[in-house]
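Commentary on secondary and tertiary structure
So the chains spell out like this:
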Amino acid sequence: MRSAVAEGQLYRDLAPDMKDRDRRLRVTQVRDGRADFVVGHDLRGPADRTTHASSARLRSAAFELVEDPADADPQYLALLATLTEVHHPGATPPDYARVALNVLRRLVPAGEVQCP
């Protein structure tokens, strides 16, 4: 399963005409099935210009996720560690939900949970 597209992620464009350019795109906004980017690196093109692509295309083999800010978030890491502990062939959705809720209760004071 590919990661969900989110603001702040950095992708490498693997399209045949872009692969050797090492073009890298930072997601600035996700809306209506598409992502807006700023070009962060391009060996044969201007950096700092904007472009966009469909979110579905980003999750395909045409792009490689290089950096995801969530990977270093302490809440994400705590949740991942806890989910790993409960993960086994017989684990059920309620098992995962229960441990996730426990992590949230431990990390986020009551009444401060904010949905994206």
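Details of the structure are given in the entry above.
Residues numbered from 1 in each chain as written. Predicted model: local features only at pLDDT ≥ 70, side-chain atom pairs only at ≥ 80, totals over all residues. Heavy atoms only, no water.

This paragraph deals with the side chain of R23. Mapped onto the elements, R23 comes out in the loop between β1 (10-13) and β2 (24-31). Its relative accessible area of 8% is what places R23 among the buried residues. One polar contact links R23 to D13, side chain to side chain, over a distance of 2.9 Å. (Helix = DSSP H or I, 4+ residues; strand = E, 2+ residues; numbered from the N terminus. Buried < 20%, exposed > 50% of the residue type's maximum accessible area, 1.4 Å probe, protein only. Polar contact = N/O pair within 3.5 Å; in protein donor to acceptor, adjacent residues only side chain to side chain.)

With 11 residues, the main nonpolar core is built from V5, Y11, L25, V27, A35, F37, V39, A53, L58, A62 and F63. Of all the secondary structure elements, the ones that give two or more residues to this core are β2 and β3 (34-41). Sort the elements by how many residues they give to this core and β3 lands first, with three residues. Dropping the residues within four chain positions of it, V39 is found in contact with R23, R24, L25, P46, A47, D48, R49 and T51. (Core = buried A, V, L, I, M, F, W, Y, C linked by side-chain atoms within 4.5 Å. Contact = heavy atoms within 4.5 Å.)

Now for the packing of helix α2 (residues 74-86) against helix α3 (residues 93-107). A pair of packed helices is captured by two measures, namely the crossing angle of their axes and the spacing between those axes. Viewed as axis vectors pointing N to C, α2 and α3 meet at an angle of 145 degrees, and their least axial separation amounts to 9 Å. Every pair of crossing elements has a handedness; the one defined by α2 and α3 is right-handed. Contacts between α2 and α3 involve Q75, A78, L79, T82, L83 and V86 on the former and, on the latter, D95, Y96, V99, A100, V103, R106 and L107. Here the contact of α2 with α3 is built from residues that sort into nine nonpolar, two polar and two charged. (Axes fitted to C-alpha atoms, helices over the stretch in contact; angles between N-to-C directions. Left-handed = near helix turned anticlockwise from the far one by under 90°. Nonpolar A, V, L, I, M, F, W, Y, C, P; charged D, E, K, R; others polar.)

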